[in-house]
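Observations on the model geometry
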Amino acid sequence: EAGVTQSPRYAVLQEGQAVSFWCDPISGHDTLYWYQQPRDQGPQLLVYFRDEAVIDNSQLPSDRFSAVRPKGTNSTLKIQSAKQGDTATYLCASRRTGGAVQNTLYFGAGTRLSVL
Amino acid sequence: GMPVEQNPPALSLYEGADSGLRCNFSTTMKSVQWFQQNHRGRLITLFYLAQGTKENGRLKSTFNSKERYSTLHIKDAQLEDSGTYFCAAEGSNTDKVVFGTGTRLQVSP
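Keep in mind it's a predicted model, so treat the numbers as computed, not measured.

Cut-offs applied
- Residues numbered from 1 in each chain as written.
- Chains lettered and ligands numbered in written order.
- Predicted model: local features only at pLDDT ≥ 70, side-chain atom pairs only at ≥ 80, totals over all residues.
- Heavy atoms only, no water.
- Helix = DSSP H or I, 4+ residues; strand = E, 2+ residues; numbered from the N terminus.
- Buried < 20%, exposed > 50% of the residue type's maximum accessible area, 1.4 Å probe, protein only.
- Contact = heavy atoms within 4.5 Å.
- Lys, Arg positive; Asp, Glu negative; His and termini not counted.
- Charge placed at Lys NZ, Arg CZ, Asp CG, Glu CD.
- Disulfide = S-S within 2.5 Å.
- Core = buried A, V, L, I, M, F, W, Y, C linked by side-chain atoms within 4.5 Å.

Focus: the overall build of chain B
Scanning chain B from N- to C-terminus turns up zero helices and eleven strands. Projected onto the principal axes, the alpha-carbon positions of chain B cover approximately 45 × 25 × 20 Å. The 109 residues of chain B split such that 45% are buried. Long-range contacts, defined here as pairs at least 24 residues apart, represent 56% of the contacts in chain B between residues at least 6 apart. One way to put it: in chain B the 12 positive side-chain charges average out to a point 6 Å from where the 10 negative ones average out.

Some points on the state of the cysteines
Residues and elements named next belong to chain B. Under the definition given, this model contains two disulfides over all chains. Here Cys23 connects covalently by a disulfide to Cys87, the sulfurs 1.9 Å from one another. Taking the torsion about the sulfur-sulfur bond, which here is approximately -100°, the covalent link between Cys23 and Cys87 counts as left-handed. A residue pair is termed long-range when its members are at least 10 positions apart, and Cys23 in strand β3 (residues 19-25) and Cys87 in strand β9 (residues 83-91) qualify at 64 residues. Each member of the pair, Cys23 as well as Cys87, carries the same accessibility label: buried.

Overview of the nonpolar core
Residues Phe21(A), Trp34(A), Leu77(A), Ile79(A), Tyr90(A) and Leu113(A) are the most contacted members of the largest nonpolar core, which totals 23 residues. For this core, the secondary structure elements donating two or more residues are β2 (10-13), β3 (19-24), β4 (31-37), β5 (44-50), β7 (65-68), β8 (75-79), β9 (88-95) and β11 (111-115) of chain A. Excluding anything up to four places from it in sequence, Phe21(A) contacts Ser7(A), Pro8(A), Trp34(A), Ser75(A), Thr76(A), Leu77(A), Ile79(A), Tyr90(A), Thr111(A) and Leu113(A). Within the second largest apolar cluster, 22 residues are counted, among which are Leu21(B), Phe25(B), Val32(B) and Ile74(B).

Observations regarding unusual backbone geometry
Across the junction of Ser7(A) and Pro8(A), the peptide omega takes the value -5°, indicating a cis bond. Inspection of the secondary structure assignment puts Pro8(A) in the loop between β1 (5-7) and β2. In this chain, Asn7(B) is followed by Pro8(B) through a cis amide linkage whose omega measures -10°. Following the sequence through the fold, Pro8(B) ends up in the loop between β1 (4-7) and β2 (10-14). Despite not being glycine, Asp51(A) has its phi angle at roughly 55°, a positive value. Among the secondary structure elements, Asp51(A) is positioned in the loop between β5 and β6 (53-56). Residue class for Asp51(A) comes out partly exposed when judged on its relative accessible area of 37%. One non-glycine residue, Arg68(B), lies in positive phi territory at about 65°.

What follows is the structure, given as structure tokens:
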């Protein structure tokens, strides 16, 4: 099966610019996660969806970040006005929850964002 | 505090050595997954555990939900084992998956 696909792979912005990241999860995976991983740190959960519903966005800076998954498949994470502190790799992951199979999380390759 | 505490933060081994990594959880977790992050930043799944112990080659992992910890043991370390290792745990009443802070492993000849 195809893996989790993310684009773009890299983005370089000036402060104040906007950027969108796109994620195509593995087919049939109902749950999708966005993580932010600053350099030399562990991934930190920003938001996750089950189907099209946001389940937890408590760690998403809501004044500048937004995330949608309108049809319960692909997802977009947007930063409205980027700051230097947003410099990080943004990782998307998906999995199938519930049922008898193990619910392994699969990650995309990530988008590496630099805000100058 | 952090729900997932991972130790040690860094580890240096010579080829052929054995060592272990540990994650402690502040609350009961439903499952744990261990990842290796390679030099390109890709997260590679090593293990998924809902309970008990699994082995794969030179790697072995244990998850004890009741005692709130998980371990990853590396036997006969090789140069290609170098990288950063993360545990990620799922809360017992949620699908939220939270990562530990990572262990940076360097294996030298």
